[in-house]
Amino acid sequence: FLAAFAREREAVEALLAAGTLEEAAARLQALQKLLTGSVRFLAPYEVRQGQETVARLQGDLAARRQQLQPKKKFAFRALKKEAAPGSAPRPAEPAPPAPAEPGQGLAEGESGGPPLCGFSGARDEELELGPAELLQQDVLLSELRGCRVRLRGNPNTLRVRDCRGCTVLCGPVSTSVLVDGCSDCLLALACQQLRTHRTRDCRVYVQVTSRAVIEACTGVSFAPYSWSYPGIERDFESSGLDRNSNNWNLVDDFDWLAADKPSPNWSLIPEQERTTCWD
């Protein structure tokens, strides 16, 4: 496994460097599937290293996509006119905000540029994206408060960052979902890999083909994915996820090392308390 994983990683890195992004995305998805299919016999630290490598490569892919987007055409700007003698001086224009330091305020795997699609900063709104907008896109939901988000379609990746009191319903994600810094949220997610960081008091209805991972989390509870919408079967087909493979109740807590006692940071939602009506 380690030799095969290293070969695929090097192939993805070479394709990214050459700018062959579609082939890199396909090889990266194959790399994720190799890791997912091997978690049964890998040590936990090997799984973690593999997941971190895949997340890094996903961030590199998003950054290269943004870098290779067509740049805006050059345009001349009008010259500023000198103030007439005796007129009041114009107020100084505010200085542009200083660029953020690399990695500052970013969730793992984010490139630092604007997301290809998503929502940020909304309050108490109904937000929705459809299949045409989501297909194989990298989606970011950030700093939402009290919002209900429906993502009907098949994204490539999903990041849910610094959200409070939100409901996030998402169709099948081809690769990874990262939930970071969230609280009091209800999430319905289907993906190959789920990682949850710095999150508390959230309910997660999940279909995941590898083992879910939590870190620096408390009060996170899990149940099997049950959200549905017209066209979801077609989205599962395009995502490559196996509907018959779901490890929703297998969770690794990187902050809990005791093998003989269950982690107190996560639990399973009792069947009688699970959400059955989503709309």
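- With an unreviewed UniProt entry as reference, the protein is termed TBCC protein, source organism Oxylabes madagascariensis.
- Here the protein is described in UniProt, under the heading Subcellular location (unreviewed entry), as follows: "Cytoplasm".
- Reading the Subunit (unreviewed entry) entry of the UniProt record for the protein gives the comment "Supercomplex made of cofactors A to E. Cofactors A and D function by capturing and stabilizing tubulin in a quasi-native conformation. Cofactor E binds to the cofactor D-tubulin complex; interaction with cofactor C then causes the release of tubulin polypeptides that are committed to the native state."

Some details on the nonpolar core
Consideration 1: Grouped together as the largest cluster of nonpolar side chains are 38 residues, with contacts concentrated most on Leu141, Leu144, Leu158 and Leu194.
Consideration 2: The element contributing the most residues to this core is strand 10 (residues 200-208), with four residues.
Consideration 3: If you look at the next biggest cluster of nonpolar residues, it comprises 15 residues, including Leu16, Leu21, Leu28 and Val47.

Considering the confidence of the model for the protein
Consideration 1: On average, residues of the protein carry a pLDDT of 82, and 82% of them reach 70 or more.
Consideration 2: Within the model, pLDDT remains below 50 along residues 72-115, and this stretch shows 28 contacts once partners closer than five positions in the same chain are excluded.

Some remarks on the sheet that holds strand 13 (residues 251-253)
Consideration 1: The seven strands are arranged 1-3-5-7-9-11-13 in an open sheet whose pairing can be described as parallel. In the strand order of this sheet, the two ends are held by strand 1 (117-120) and strand 13, each with one partner. Going across the sheet, the axis of each strand differs from the next one's by a mean of 10°, ignoring polarity.
Consideration 2: Judged from the five bridges that link them, strand 7 (residues 176-180) and strand 9 (residues 193-197) form a sheet pairing that is parallel. For Ser176, the partnering residue across the bridge sits in strand 9 and is Gln193.

Here's the deal with the pairing of strand 1
Consideration 1: Burial of the side chains of strand 1 is restricted to one face: Cys117 and Phe119 are buried, whereas none of Gly118 and Ser120 on the reverse face is.
Consideration 2: Where strand 1 meets strand 3 (residues 138-142), four bridges bridge the pair, whose relative direction is parallel. Considered in strand 3, the bridge of Phe119 is made with Leu141.

Remarks on the side chain of Asn247
Consideration 1: By the element assignment, Asn247 lies in the loop between helix 5 (232-239) and strand 13.
Consideration 2: You can call Asn247 buried: its relative accessible area is 19%.
Consideration 3: Here Asn247 is in contact with Val208, Thr209 and Ser210, once residues within four sequence places are set aside.

Quick word on the environment of Ala122
Consideration 1: As for its placement among the helices and strands, Ala122 is situated in the loop between strand 1 and strand 2 (126-129).
Consideration 2: As for Ala122 and Cys147, which are separated by 25 residues in sequence, their C-alpha atoms are 7.2 Å apart.
Consideration 3: Those residues in contact with Ala122, other than ones at most four positions away along the chain, are Leu127, Glu143, Leu144, Arg145 and Cys147.

Quick notes on the pattern of salt bridges
Consideration 1: Going through the model one piece at a time under the given rule, you end up with 14 salt bridges.
Consideration 2: Linking Asp201 and Arg200 is a salt bridge whose minimum nitrogen-to-oxygen distance equals 3.3 Å.
Consideration 3: Among the charged side chains, a salt-bridge network with shared partners connects Arg9, Glu10, Glu13, Arg56 and Asp60.

What about helix 5?
Consideration 1: All of the buried residues in helix 5 are Ile232, Asp235, Phe236 and Ser239. All buried residues of helix 5 project into a common sector of 105° when viewed along the axis, lining one side. In this structure, helix 5 carries Arg234 and Glu237 as exposed residues pointing more than 90 degrees from its buried face.
Consideration 2: Buried-residue contacts for helix 5 involve helix 2 (21-36), strand 6 (167-172), strand 8 (186-191) and strand 10.

Here we look at unusual backbone geometry
Consideration 1: With a phi angle near 55°, Glu143 is a residue other than glycine that sits in the positive phi range.
Consideration 2: In this fold, Glu143 is placed in the loop between strand 3 and strand 4 (148-151).
Consideration 3: Of note in the backbone geometry, Asp201 takes a positive phi value of approximately 50° without being a glycine.
Consideration 4: Along the polypeptide, Asp201 turns up in strand 10.

Cut-offs applied
Along each chain, residue indices are assigned from 1 in the same order as the chain's sequence is written. Note on the predicted model: pLDDT of at least 70 is required for a residue's local features to be given, and 80 or more for side-chain atom pairs to be given and counted; whole-chain, interface and lining totals, by contrast, use all residues. The side-chain values count all of the structure's non-hydrogen atoms but skip hydrogen atoms and water molecules. UniProt positions are given in the numbering used here, feature names are shortened, and annotations may be inferred rather than shown by experiment. Residues belong to a common nonpolar core when they are buried Ala, Val, Leu, Ile, Met, Phe, Trp, Tyr or Cys residues joined through side-chain atoms within 4.5 Å. Relative accessibility under 20% of the residue-type maximum defines a buried residue, over 50% an exposed one, and the middle range a partly exposed one, all with a 1.4 Å probe and only protein chains included. Each helix corresponds to a stretch of at least 4 residues labelled H or I by DSSP, and each strand to a stretch of at least 2 residues labelled E; elements are numbered beginning at the N terminus. The predictor's confidence in any single residue is recorded as pLDDT, a number from 0 to 100. The contact criterion used is simple: two residues touch if any of their non-hydrogen atoms lie within 4.5 Å. Pairing between two strands is assigned when DSSP locates at least 2 bridges connecting them. Lines fitted to C-alpha atoms define the axes, with helix axes restricted to the stretch in contact, and inter-axis angles between N-to-C directions lie between 0 and 180 degrees. In the sections that follow, a salt bridge refers to a side-chain nitrogen of Lys or Arg positioned within 4 Å of a carboxyl oxygen of Asp or Glu. What the arc describes is the spread of directions from the helix axis to the C-beta atoms.

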